[in-house]
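# Descriptive structure summary
Each chain, letter by letter, is given below.
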Amino acid sequence: APNGWKPLGDDCEASYTASGSQCLKCAGIPKPSNPSCRMVGGLDLDPLGDEDCQRIAAGTFASCDSVAAANREACKGVVAACSSGDCNVVSIWKSPSCHTDVSAAYKYCYFHSCQDSFLDSPDLDGHCDEAVGCQGTFYSLARRGSLPTLPPPAPTPAPNGWKPLGDDCEASYTASGSQCLKC
């Protein structure tokens, strides 16, 4: 991967959808319950691709106007956080996905700030260490050296003076296996 990004966790494994199309199952994203890794943000970069997710995490992305209008503000917020060096793990929706309920152009990316201890022993949600094998829809990449310690979450400016109450939303899954956010 470019810019010093290296795979985190197991490699993606080939599988098939119910209709017989080849797809990939991966190691997943950092588990939200792990205190040594904090989610900075996430968004769907449709119609852009994997390398654009890496550019956001590296703080070198300058094309938020290219993403769907509904995701532009989220893009700008994540770019601002990552440009300060706050993102050393990026989790990217793997295409072709075994999930058939999203468009082929869907490209969700999560950005994390993780301690070196997490990078040494990644705690990902894809179940690769279980008998079923990897089940994740995301693969994760890490870059070392950008964060010596886990900083406290930076306050995120909210539009129109609104301030979020409570904890940040966390990635989770519905009973049917679809990804969602718990807030």
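For the structure itself, consult the block above.
Residue numbers here run from 1 along each chain, matching the order of that chain's written sequence. In keeping with the model being predicted, local features are shown solely for residues with a pLDDT of at least 70 and side-chain atom pairs are shown and tallied solely at 80 or more, while totals for entire chains, interfaces and linings include all residues. Note that water and hydrogens are dropped before the side-chain values are worked out from all heavy atoms of the structure.

### So, the overall build of the chain
Secondary structure follows DSSP: runs of H or I at least 4 residues long count as helices, runs of E at least 2 residues long count as strands, and numbering of each begins at the N terminus. When you go through the chain residue by residue, the secondary structure sums to three helices and nine strands. When each of the 183 residues of the chain is scored for burial, the buried share is 37%. Within the chain, contacts between residues separated by at least 24 positions form 72% of all contacts whose residues are at least 6 apart in sequence. Total accessible area on the chain stands at roughly 9900 Å², and carbon and sulfur atoms take up 52% of it. The cut-offs for exposure are 20% and 50% of the maximum accessible area for each residue type, with area from a 1.4 Å probe on protein chains only; residues under the lower value are buried, those over the upper are exposed, and the others partly exposed. Between two residues, a contact is recorded if the distance between any of their heavy atoms is within 4.5 Å. Working definition of accessibility: Shrake-Rupley area with a 1.4 Å probe, residue cover restricted to the visible protein chains.

### Let's talk about the state of the cysteines
Criterion for a disulfide: a pair of cysteine sulfur atoms within 2.5 Å. One pass over the full model with this rule turns up seven disulfides. The residue that forms a disulfide with Cys-23 is Cys-98, at a sulfur-sulfur distance of 2.0 Å. An S-S torsion of about 90° defines the bridge between Cys-23 and Cys-98 as right-handed. Placement of Cys-23 in strand 3 (residues 22–25) and of Cys-98 in the loop between strand 5 (89–93) and strand 6 (108–114) is noted, with a sequence separation of 75 residues between them. Classification of Cys-23 as buried rests on a relative accessible area of 0%. Accessibility expressed as a relative area gives 21% for Cys-98, which makes it partly exposed. Shown here is the disulfide that connects Cys-128 with Cys-134, its sulfur atoms set 1.9 Å apart. Between Cys-128 and Cys-134 the sulfur-sulfur dihedral comes to about 120°; the bridge is accordingly right-handed. According to the relative accessible area criterion, Cys-134 is buried, its value standing at 2%.

### Considering the sheet that holds strand 4 (residues 37–44)
By the convention used here, strands pair only if DSSP detects at least 2 bridges between them. Overall, antiparallel pairing links the five strands, which are arranged 1-7-5-6-4 in an open sheet. One side of each edge strand has no neighbouring strand; the edge strands of this open sheet are strand 1 (6–8) and strand 4. Each strand of the sheet is rotated relative to its neighbour by a mean of 30°, with strand direction disregarded. In this structure, strand 1 lies alongside strand 7 (residues 138–142), joined through three bridges in antiparallel fashion. Considered in strand 7, the bridge of Pro-7 is made with Leu-141. An axis is simply a line fitted to the C-alpha atoms; with a helix, the fit covers only the stretch in contact. Between two such axes, the angle follows the N-to-C directions and lies from 0 to 180 degrees.

### So, the environment of Asn-88
Residue position: Asn-88 is located in the loop between helix 2 (72–83) and strand 5. Sequence-wise, Asn-88 and Gln-115 are 27 residues apart; in three dimensions their C-alpha atoms are separated by 8.8 Å. Counting of polar contacts relies on pairs of N or O atoms within 3.5 Å, with two restrictions inside protein: one atom must be capable of donating a hydrogen and the other of accepting it, and residues adjacent in sequence are counted only when both atoms are side-chain atoms. Among the polar contacts made by the side chain of Asn-88, one reaches the main-chain carbonyl oxygen of Cys-114 at a distance of 2.8 Å.

### Looking at helix 2
Working rule for helices: expected span equals 1.5 Å times residues minus one. Across its 12 residues, helix 2 extends 16 Å between first and last C-alpha, which sits within 8% of the 16 Å expected from 1.5 Å per residue. Turning to helix 2, its buried residues are Cys-75, Val-78, Val-79 and Cys-82. For helix 2, the buried positions fall inside an angular range of 105° around the axis, keeping them on one side. Of the residues one or two after helix 2, Gly-85 is the one with positive phi, at around 90°. Along the arc lie the directions from the helix axis toward the C-beta atoms.

### Regarding helix 1 (residues 50–58)
If you check which residues of helix 1 are buried, you get Asp-52, Cys-53, Gln-54, Ile-56 and Ala-57. Residues of helix 1 that are buried make contact with helix 2, strand 5, strand 6 and strand 7. In the segment just after helix 1, Gly-59 is the residue with positive phi, at about 80°.

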